[in-house]
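# Understanding the architecture of this molecule
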Amino acid sequence: MAGAVDPALIASRADAAGVTFAQAAAAAGVDPAGIGRDDERLAALGCFIELHVEQGRGLADLGAPVAVASAILAHGRWRLTFTGEGNHAGATPMAGRRDPVVAASAAVLAASDIAAARDDPAGGLNARATVGRLVPVPGGANVIASQVDAWLDVRGDTDAAARALVSEIRAAVQLAAARHGCRVEITEESYLPEVVFDAGLRGRLRTVLEEARGPEGAPGPGGVPVLATGAGHDAGVLAAELPAAMLFVRNPTGVSHSPAETASDDDCRAGAGALATVLAALAGG
């Protein structure tokens, strides 16, 4: 709707079987020609408020059920393709191997160490580097791979911080590849700059919630926490088009995208009450 992604790129995305999004959409009765920006729909929206469980444990540490979001970290993904020399695992001496799995492993450890040295949430600094997927070719248990593809996810407080982190990791990745006799190609696949939510709307939400008294679950006086998030959200996409804000509900485990992600019934009621309170206030001017 916001036109944040090229419609042609969306339509051409394919699954492992080679079926494109356009083909899958058409098969489901959806015209792929409709993919893309919708100015009429956007013009009908005054602002956007998103309620979401916190994907972290900031609220759990603060002992509060609800928070207002301040920003979304800058984040992107890079594909790292390590190329070495495939061979038989038992017939190839350790000396002189050009094993891309070893090179990729060294690169993953280096990326983690670099981000850990910069990451200090207590000091207001957030730096994240993650490799969640590696694909060796050919992938046999008794074969030295000839190639490994790995996907690096990097996040930082600002564009400058994220880019600096990537630059340092890039150098470490290239060094790891060279040390193990491999080549590496680094390709940026996606990048989103940091999102700072509308200050006026964010302030209005805090004021409304801190002044609230009656509605069930709505926070009373004493202050509503303001937290940044390292996860992407719909509100982050729409923030480039209209005033947007977010409300977070406490996640006591701090675990996200897992069965361990949770929120208590009371905190869910607090979040729903906070959303109802701010929507009523915004609707009333």
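Just above sits the structure.
On to the nonpolar core. If you look at the biggest cluster of nonpolar residues, it comprises 28 residues, and the most contacted ones within it are W78, L80, F82, L152, V154 and I169. Put simply, the parts of the chain that give this core at least two residues each are β3 (74-83), α5 (100-118), β5 (127-137), β7 (147-156), α6 (159-179) and β8 (183-192). At eight residues, the largest contribution of residues to this core is made by α6. Residues contacting I169, with those up to four places away along its chain left out, are A111, I114, A129, L152 and V154. Membership of the second largest hydrophobic core comes to 13 residues, among which are V66, L201, V224 and L247.

Another aspect to go through is the sheet that holds β7. Each strand in a sheet pairs with its neighbour through backbone hydrogen bonds, running either in the same direction (parallel) or in the opposite one (antiparallel). One open sheet holds the four strands; their spatial order is β5-β7-β3-β8, and the pairing between them is antiparallel. The open sheet has two free edges, formed respectively by β5 and β8, since each of these has just one partner strand. Neighbour to neighbour, the strand axes of the sheet diverge by 20° on average, direction disregarded. Judged from the ten bridges that link them, β3 and β7 form a sheet pairing that is antiparallel. The residue bridging R77 from the neighbouring strand is D153, located in β7. Seen against the sheet, α5 touches β3, β5 and β7 and runs at an angle of roughly 170° to β5. Contacting β3, β5, β7 and β8, α6 crosses the sheet at an angle of about 165° to β8.

The end-to-end C-alpha distance of helix α9 (residues 265-283) is 27 Å, a good match for the 27 Å that 19 residues give at a rise of 1.5 Å each. Residues of α9 that are buried: D267, A270, G271, G273, A274, T277 and V278. Seen from one end, α9 has its buried residues packed into an arc of 165°, which puts them on one side. Facing away from the buried surface of α9 by more than 90 degrees, the exposed residues are D265, A280 and A283. Turning to α9, the residues buried within the fold contact β1 (48-53), β2 (66-72), α7 (199-211) and β11 (244-249).

Their axes nearest at 10 Å, the elements α7 and α9 cross at an angle of 115°. Considered as vectors, α7 and α9 are oriented roughly perpendicular to each other. The interaxial crossing formed by α7 with α9 has right-handed handedness. Contact residues: α7 offers L201, R204, L205, V208 and L209, while α9 offers A274, T277, V278, A281 and L282. Tallied by class, the residues present in the contact of α7 with α9 amount to eight nonpolar, one polar and one charged.

A few words now on the packing of α5 against α6. Packing of α5 against α6 leaves a shortest axis separation of 9 Å and a crossing angle of 150°. With respect to α6, the element α5 is oriented roughly antiparallel. Here α5 and α6 pass one another in a crossing that is right-handed. Residues A103, A106, A107, A110, A111, I114, A115 and R118 of α5 form the contact with α6, whose participating residues are A164, L165, E168, I169, A172, V173, A176 and A177.

Definitions and cut-offs
- Residues numbered from 1 in each chain as written.
- Predicted model: local features only at pLDDT ≥ 70, side-chain atom pairs only at ≥ 80, totals over all residues.
- Heavy atoms only, no water.
- Core = buried A, V, L, I, M, F, W, Y, C linked by side-chain atoms within 4.5 Å.
- Buried < 20%, exposed > 50% of the residue type's maximum accessible area, 1.4 Å probe, protein only.
- Helix = DSSP H or I, 4+ residues; strand = E, 2+ residues; numbered from the N terminus.
- Contact = heavy atoms within 4.5 Å.
- Pairing = 2+ DSSP bridges.
- Axes fitted to C-alpha atoms, helices over the stretch in contact; angles between N-to-C directions.
- Expected span 1.5 Å × (residues − 1).
- Arc of directions from axis to C-beta.
- Parallel < 35°, antiparallel > 145°, perpendicular 65-115°, else oblique.
- Left-handed = near helix turned anticlockwise from the far one by under 90°.
- Nonpolar A, V, L, I, M, F, W, Y, C, P; charged D, E, K, R; others polar.

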